[in-house]
Amino acid sequence: MMLIRRLGPLWTCAALALASPALADDGYGLWLGSAREQGASVPVDWTSDSPTLRIAAEELRRSLPAGSRPVLLARADDAALAGQRIDRQALGTEGYRVQHATIGGRAVTLVTGATDLGILYGAFALLRHLDSGGDPANIALASAPQTRLRILNHWDNLDGVVERGYSGQSLWDWWTLPDFKDPRYADYARANASIGINGTVLNNVNAKAESLTAPYIAKAAALADVFRAYGIKVYLSARFSAPIEIGGLKTADPRDPAVAAWWKAKADEIYRAIPDFGGFLVKANSEGQPGPRDYGASHADGANMLASAVKPHGGIVMWRAFVYADTDPEDRAKQAYTEFEPLDGQFADNVLVQVKNGAIDFQPREPFHPLFGAMPKTPLIAEFQITKEYLGFATHLAYLGPMFEEVLDAPTGARRGETVASVITGKADGHTLSGMAGVANIGRDRDWSGSTFNQANWYVFGRLAWDPGLSSQALAREWAVQTFGSDPMVIGTVVAMMMRSREAVVDYTGPLGLAHLFATGHHYGPGPWVSDLARPEWNPVYYHRADRNGIGFDRTRTGSNAVAQYAPPIARRYADPRTTPLEDLLWFHHLPWDYRLADGRTLWEEMVRRYDRGVAEVAAMRAQWATLKSRIDAERWTKTDTFLAIQQREARWWRDASLAYWMSVNGLELPAGSKAPEHGLEHYKQLRFPYAPGNPH
Ligand code: GCV
């Protein structure tokens, strides 16, 4: 006989309390909160018991509208489903199927998966379907994740400061852990599970060895205990020199047996506290972090040594390819490829190499990283930045979906049909390890991400990590409906604002493929004139190379030849300014200011046009938002309106300061109709922001 369980009255009360409508919306509920109707306590039964299934049942009871069919949650191999035709293979371990069915003579909505986690994902998919206006009478949802690791990287320090974080202090209160488990930890896990995220790296890649000591392992274990039922595994960033700093060894050389033994013992200790610990993320020999190169060993030597420590427990290592050496005069954009491509085939089978979306550093636009497609024998995990270090921090509205999509959809040129997405899902090369990592934009701000629209970036990251084939526009709509409700005027306006927003930031910070023009250290505001920092590649002038005659970084054969790192069809396209997309033009080419573009404008005219367009877009977004005043709760409307005013002021600042500088270099006038900068160049150069957030000190 089928064992049926049902939520008791306590669960119902808790669910109703959470669902009561708020007078003002502080954004705490994310996409799961404000727009949802109060649930009608539709019966939800489940055939086997687990904390994960209880969560799934609670979510459905909390939110399913009146009139919904009763729901049955059951594992695909449950005897009760014997008569149903369910393709178990298609479910994988985390996939789901949601459909109307008659089971035991009862008409139900069946939510099934091979695992309880699959069922939880199915429950969230059902609610998403209904929230987004899906037909309640016609439910047939099925999906399985395309990547195995869908993982947030927190750059959270043990003192609570978040590197490049703009949403307050770290969510993790290390001081009160492991005793106090802030209820927010479960809310964080719930939000992640709702979009399919299944892992979190708790600490900054600029890691401290202390995070591997017994007290901090206990704290991480307490978080893992909260996250487990939501299917979220905990990972730690490992400091490569930890055997010296906390292990009393004289070396961290990965080839030294004592070092390997230390890591093995450390991994055993972690797994005793966290049996499902995911593994390590490592930033090595990059920006001052220690690594195997300190001992003349390779990145593969370092990664494999750690990999063998976690292997017996089923753990993995994510080894970052974000390297550039202070001693290497080579174009910074080439260095990761130069170092890692020859190592293809040398990594252990539980190592993934983690590659940023572009070859420099999370700029508002970068061409895809040339390592994608160049290391077929190695699983590559893509790293995106959700927090907006270079896109206006928390205040600027920049929906990153189109940026993620642009990279994921990029053909690598290595093989017919191969894209970045097919590489990172493992499909291109038959890897079972695969994944997408996002540098989190989550902090202790009440609205988690510093603004309502930043929540959309967390959302779209999770959804694209689940399925990189989804459209960023469809996901913007999906997020907007769940966040603001179904008013078509709100949704149409919000989606239109979102879809243009990232390009606006590109336009007013660095159009036509310009990059890294940011002020020193904190990266807040423009600094294209900066030229006095110790290392060449720290200076914006290194990236734009502007002089009286022209502008841009020549990465063709006459310059650094970085184009040759791409597969031949892509390399050919980027080698010629006539076939390089305008968006990437100055990334690959140094061109005269009067270079004629296909539309007849000069390069200078087009540049100014784009700066102006960016500023105008922000003004347009602000005007669009104003039309929604009576349709959105006052709290979220006002905060967004204020942030758009800040963005408008700062877009103008970016445009004016940049143009003032370019004119000081090229001696040209502004094209007719374009406004003169508000101030002289010296004004912009002397601005200082000593306490800009997110900047490590
Ligand atoms: C965690 C950039 C950021 C750093 C960051 C680094 C990285 O350089 O400015 O704050 O360090 O990327 O990704 O390791």
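Rules used throughout
- Throughout, a residue's number is its position along its own chain's written sequence, starting from 1.
- Whole-chain, interface and lining totals are the exception, using all residues; otherwise, since this is a predicted model, local features are given only for residues with pLDDT of at least 70 and side-chain atom pairs are given and counted only at 80 or more.
- Side-chain descriptors were evaluated using all non-hydrogen atoms of the structure, hydrogens and water having been removed beforehand.
- A run of H or I in DSSP becomes a helix once it reaches four residues, and a run of E becomes a strand once it reaches two; helices and strands are each numbered from the N terminus.
- Ring pairs are drawn from Phe, Tyr and Trp, using the six-membered ring of Trp, whenever the two centres fall within 6.5 Å, and their geometry is named by plane angle: stacked under 30 degrees, edge-to-face over 60, tilted for the rest.
- Accessible area is worked out with a 1.4 Å probe on protein chains only. A residue is then buried under 20% of its type maximum, exposed over 50%, and partly exposed in between.
- Only lysine NZ and arginine CZ atoms are considered, and such an atom sits over a ring when it is within 6 Å of the ring centre and within 35 degrees of the ring normal.
- Paired strands, in this sense, are two strands between which DSSP finds at least two bridges.
- Between the N-to-C directions of two axes lies an angle of 0 to 180 degrees, each axis being a line fitted to C-alpha atoms and, for a helix, fitted only over the stretch in contact.
- Contact between two residues is taken to exist if any of their heavy atoms lie within 4.5 Å; hydrogens are not considered.
- A clockwise path from the first strand over the helix to the second, with the strands pointing away from the viewer, defines a right-handed crossover.
- By definition, a salt bridge exists where a carboxyl oxygen of Asp or Glu is found within 4 Å of a side-chain nitrogen of Lys or Arg.
- Helices are assigned an expected span. That span is 1.5 Å times one less than the residue count.
- Comment: arc refers to directions from the helix axis out to C-beta atoms.
- In protein, a polar contact means a hydrogen-donor-capable atom and an acceptor-capable atom, both N or O and within 3.5 Å, with residues adjacent in sequence counting only if both atoms are side-chain atoms; elsewhere, any N or O pair within 3.5 Å suffices.

Trainee: Outline unusual backbone geometry, supporting the account with residue identities and numerical values.
Mentor: Going from L177 to P178, the amide bond is cis rather than trans, its omega being 5°. Here P178 shows up in the loop between β7 (149-153) and α6 (183-194). At F362, a residue that is not glycine, the phi angle is positive and equals roughly 55°. Here F362 lies in the loop between β12 (351-356) and β13 (380-385).

Trainee: So what's going on with the packing of aromatic side chains? Which residues, and what values?
Mentor: The geometry of an aromatic ring pair is captured by two quantities: the separation of the ring centres and the angle between the planes. If you walk through the whole model with that rule in mind, you get 43 aromatic pairs. Centre to centre, the rings of F368 and Y566 are 5.1 Å apart; their planes meet at 75°, and the pair counts as edge-to-face. Placement of the pair is F368 in the loop between β12 and β13 and Y566 in the loop between β15 (550-551) and α18 (568-575), with a sequence separation of 198 residues. On the basis of relative accessible area, F368 is assigned to the buried category, the value being 6%. Overall, Y566 belongs to the buried group, its relative accessible area being 8%. Pairing Y661 with W662 gives two aromatic rings, centres 5.3 Å apart and planes at 55°, and the pair type is tilted. With respect to class, Y661 is no different from W662; both count as buried. Site record: aromatic cluster; members linked through ring pairs are Y28, W31, W172, Y185, Y188, F227, W448, W458 and Y459. The positively charged end of R332 is found above the aromatic ring belonging to Y324, 3.8 Å away from the centroid. Over the ring of W587 we find R555; its NZ or CZ atom is 5.0 Å from the centre of that ring.

Trainee: Explain the sheet that holds strand β11 (residues 316-320) to me, and be specific about the residues and the numbers.
Mentor: Taken in spatial order, the eight strands of this closed barrel run β7-β8-β9-β10-β11-β12-β13-β14, and their pairing is parallel. Geometrically, the sheet is characterised by an average inter-axis angle of 25° between neighbouring strands, direction not taken into account. Direction of pairing for β13 relative to strand β14 (residues 435-439): parallel, over a ladder of five bridges. Following the sheet pairing, Q385 is matched in β14 by V439. Sheet contacts for helix α10 (residues 299-310): β10 (279-282), β11 and β12; angle to β11, the most-contacted strand, approximately 160°.

Trainee: Explain the pairing of β11 to me, using residue names and the numbers behind them.
Mentor: Sheet faces and side chains relate simply in a regular strand, where the side chains alternate between the two faces. Within β11, five of the five residues are buried, leaving the element largely enclosed by the surrounding structure. The side-chain alternation of β11 yields two buried faces, one formed by I316, M318 and R320 and the other by V317 and W319. Here β10 runs beside β11; their pairing, made up of four bridges, is parallel. Bridged to L281 within β11 is M318. A crossover links β10 with its parallel partner β11, the connecting element being α10, and its sense is right-handed. Pairing geometry for β11 and β12, over four bridges, is parallel. Its bridge partner being in β12, V317 is matched across the sheet by V351.

Trainee: So what's going on with the pattern of salt bridges? Residues and values would help.
Mentor: Tallied over the full model, the rule gives 45 salt bridges. The salt bridge partner of R190 is E59, with a shortest N-O separation of 2.5 Å. Placement of R190 in helix α6 and of E59 in helix α3 (residues 51-63) is noted, with a sequence separation of 131 residues between them. Under the relative-accessibility criterion, R190 is labelled buried at 13%. R150 is paired through a salt bridge with E94; the nearest N and O atoms lie 2.9 Å apart. Residue R150 is located in strand β7, and its partner E94 is located in the loop between α4 (88-91) and β4 (96-103); the two are separated by 56 residues in the primary sequence. With respect to burial, R150 and E94 carry one shared label: buried. By sharing partners, the salt bridges in this structure join E583, D599, R601, E606, R609 and R610 into a single network.

Trainee: Tell me about helix α9 (residues 257-273), and please be specific about residues and values.
Mentor: Taking 1.5 Å per residue, 17 residues should reach 24 Å; α9 reaches 25 Å between its end C-alpha atoms and fits that length. By the burial criterion, the buried members of α9 are V259, W262, W263, K266, A267, I270 and Y271. For α9, the buried positions fall inside an angular range of 165° around the axis, keeping them on one side. Exposed residues on α9 whose side chains face more than 90 degrees from its buried face are P257 and R272. Structurally, α9 contributes buried residues whose contacts are with α7 (214-227), α8 (242-245), β10 and α10. At the N-terminal boundary of α9, the capping side chain belongs to D256, with an oxygen 2.8 Å from the backbone nitrogen of A258.

Interpretation in functional terms is not warranted from these geometric data alone.
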